[in-house]
Amino acid sequence: MPHEREVFEANGAKTHVVVAGGGGGETTVVVVPGTNFNAATVLPLATALSRRYRTVLADVPGQPGLSSGERGLAEGRLDWYGTWLSEVVEACASGPGPVVVLGHSFGAAIALSSASPRVDGQVLVSPGGLIRLRLTPGVLCASVAWFAAPRPRHSARLLRTMYADGGTPRTELVDWMTLVARHARSSGAPGLAIVPDRPVPRRVVTGEHDVFLPPRRLEAAVHRRLGVELGVIEGAGHLVIEEEPDLVADLVDRVAR
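The structure contained in this document is the topic of the report that follows.

Calculation notes
- Residues numbered from 1 in each chain as written.
- Predicted model: local features only at pLDDT ≥ 70, side-chain atom pairs only at ≥ 80, totals over all residues.
- Heavy atoms only, no water.
- Helix = DSSP H or I, 4+ residues; strand = E, 2+ residues; numbered from the N terminus.
- Rg over C-alpha atoms; globule rule 2.2 N^0.38 Å.
- Buried < 20%, exposed > 50% of the residue type's maximum accessible area, 1.4 Å probe, protein only.
- Contact = heavy atoms within 4.5 Å.
- Salt bridge = Lys/Arg side-chain N within 4 Å of Asp/Glu carboxyl O.
- Expected span 1.5 Å × (residues − 1).
- Arc of directions from axis to C-beta.

Considering the overall build of the protein chain
A tally of helices and strands in the protein chain yields nine helices and eight strands. Against the compact-globule benchmark of 18 Å for 257 residues, the protein chain has a radius of gyration of 17 Å, which places it among compact chains. Along the first, second and third principal axes, the C-alpha set of the protein chain runs to 50 × 35 × 35 Å. Residues counted as buried form 56% of the 257 residues belonging to the protein chain. Considering only intrachain contacts with a sequence separation of at least 6, the fraction spanning at least 24 residues in the protein chain is 71%.

Observations regarding the environment of Gly-227
By the secondary structure assignment, Gly-227 is in the loop between α7 (215-226) and β8 (230-233). Looking at Gly-227, the relative accessible area reads 58%, which means it is exposed. C-alpha of Gly-227 to C-alpha of Ala-256: the two residues are 29 residues apart in sequence and 19 Å apart in space.

What to know about the pattern of salt bridges
Tallied over the entire structure, the rule returns five salt bridges. A salt bridge links Arg-52 to Asp-250; the shortest N-O distance between them is 2.8 Å. Of this pair, Arg-52 sits in the loop between α1 (43-50) and β4 (54-58) while Asp-250 sits in helix α9 (residues 245-256), placing them 198 residues apart in sequence. For Arg-52, a relative accessible area of 24% translates into the label partly exposed.

So, helix α6 (residues 171-183)
Given 3.6 residues per turn, any residue in an α-helix points the same way as the ones three and four places further on. Compared with an ideal rise of 1.5 Å per residue, which puts 13 residues at 18 Å, α6 spans 18 Å between its outermost C-alpha atoms and is within 8% of the ideal. Regarding α6, the residues found buried are Leu-173, Val-174, Met-177, Thr-178, Val-180 and Ala-181. Looking straight down α6, one finds that the buried residues subtend no more than 160° of arc, so they occupy a single side. α6 presents Thr-171, Glu-172 and His-183 as exposed residues on the side facing more than 90 degrees away from its buried surface. Turning to α6, the residues buried within the fold contact α4 (137-148), α5 (152-161) and α8 (240-243).

Below, the structure written as structure tokens:
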């Protein structure tokens, strides 16, 4: 897809975004990726969205990508990231048209922390910031091997824990995660989100086999804190945006109406 890259300052941090598509509509979708992901690693989702909407894909400061690499910017606070996202939305919103923020995992926690009046809807996929992540022995073992000996087979093993059973990660993702383990130390998840009082239409989903945020653990928190029902995507794991990008784009359609 035709696209442009932009670099600007948001909440004092160098911020890189990719802007693509248009789809003939006025809606802008701002995508906030999860831990260790960025604009370059969410291409299946970017392709699905940019066919329908003007799509802005942001690299999160403190995560591997082309935004600021300083891990101490947020000092562990989601409110810093919320302000950062509000400024990104303000910088990237095109005219008076509606803005929908799509956040995945850590990116969803950032989306929940933004009080921007320019945001007209949210799609939260496998959202962090509502409960603590579950870390199974299998995930811990795969993470230790990936971190201690950064090789493609260890990266693939770790990624497979984030897919539903039988899922195969893209070669590009395997290569990317190997580079991350060798050359980067991303900022950690900074805890639970404080959700602003401003009501925003939301769709919240997680994968049926999400290893970090199983539906049975996430459902009550979503209902209690956000007042909406949790949608469960059958046959998907934590990386729903990889496994079902068109379905995620359909969720944006429902919020953007």
